[in-house]
Amino acid sequence: METKEKEVKTAKKEKKPLEKVCIICAKGSLEDVYATLVMANGAVMEGIETNVFFTFFGLEGITKKTMNHLHTATTGNPAMRMPGGLPFPTMLGGLPGVETAVSSMMRKQMEALDMPPVDEFLEMITAGGGTIYACKLAVDMFKLKKEDLSDEVDSIITIGEFYELCDGDRTQIIFT
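Nothing here was measured: the structure is a model prediction, and the numbers come from that model.

Draft legend 1. Structural view of the overall build of the chain. Along the backbone of the chain there are seven helices and five strands. Starting at the N terminus and ending at the C terminus, the chain contains elements arranged as α-β-α-β-α-α-α-β-α-β-α-β. Across its three principal directions, the C-alpha atoms of the chain cover 75 × 45 × 25 Å. The buried share of the chain, reckoned over its 176 residues, is 36%. A sequence separation of at least 24 residues applies to 70% of the contacts in the chain between residues at least 6 apart. A total accessible area of about 10,900 Å² is found for the chain, and carbon and sulfur atoms account for 57% of it.

Encoded structure:
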């Protein structure tokens, strides 16, 4: 009887590793795009199949003109803190130049941590075997073309096509 109990406990503890992640980036702020890139790069480094889908304002993260000039949302962000940890008053975020200053400060802090700019991060992900996609609906809506997007973008696909890429056991779909 003890042997059967051990077998059952062992079977319950057996972990099945994650095999595939499909990450959807729908927001274009500095912190949202970087959250997507950090998770995608981490998955690639762990040997996990990685598909990243940029849609709506997330397209800012793969559009050549904007991807290395993203901004931090300074209004309506309750987690925003000033140096020293004090809460950042929402009213300040609307003042001219504040968003630019905060975004610049964030980029400097990321640079100090050796975080690459967006274009390099995309290269690292694709070089590691990850695949980057743009949403057809959003690309059409914003009147973009493939040549407007990072060279690392594999193709422009529909959400249905992206979901087809997300098949299989041990797959996670992550929204950022």
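Draft legend 2. Expanded view of the packing of aromatic side chains. Tallying each qualifying case throughout the model produces four aromatic pairs. Taking the centre distance of 5.6 Å and the plane angle of 35° together, the rings of Phe57 and Phe142 count as tilted. Here the residue Phe57 occupies a position in the loop between strand 2 (49–54) and helix 3 (90–93), and Phe142 occupies one in the loop between helix 6 (136–141) and strand 4 (153–157), the gap between them amounting to 85 residues. For Phe57, a relative accessible area of 54% puts it in the exposed group. With a centroid separation of 6.3 Å and an interplanar angle of 65°, the aromatic rings of Tyr133 and Phe162 are classed as edge-to-face. Placement of the pair is Tyr133 in strand 3 (residues 131–135) and Phe162 in helix 7 (residues 159–165), with a sequence separation of 29 residues. Each member of the pair, Tyr133 as well as Phe162, is classed as buried. Joined through ring pairs, the aromatic side chains of Phe53, Tyr133 and Phe162 make up one cluster.

Cut-offs used in this document
- Residues numbered from 1 in each chain as written.
- Predicted model: local features only at pLDDT ≥ 70, side-chain atom pairs only at ≥ 80, totals over all residues.
- Heavy atoms only, no water.
- Helix = DSSP H or I, 4+ residues; strand = E, 2+ residues; numbered from the N terminus.
- Buried < 20%, exposed > 50% of the residue type's maximum accessible area, 1.4 Å probe, protein only.
- Contact = heavy atoms within 4.5 Å.
- Areas by Shrake-Rupley, 256 points an atom, 1.4 Å probe, with all protein chains shown as cover.
- Phe/Tyr/Trp six-rings, centres within 6.5 Å; stacked < 30°, edge-to-face > 60°.

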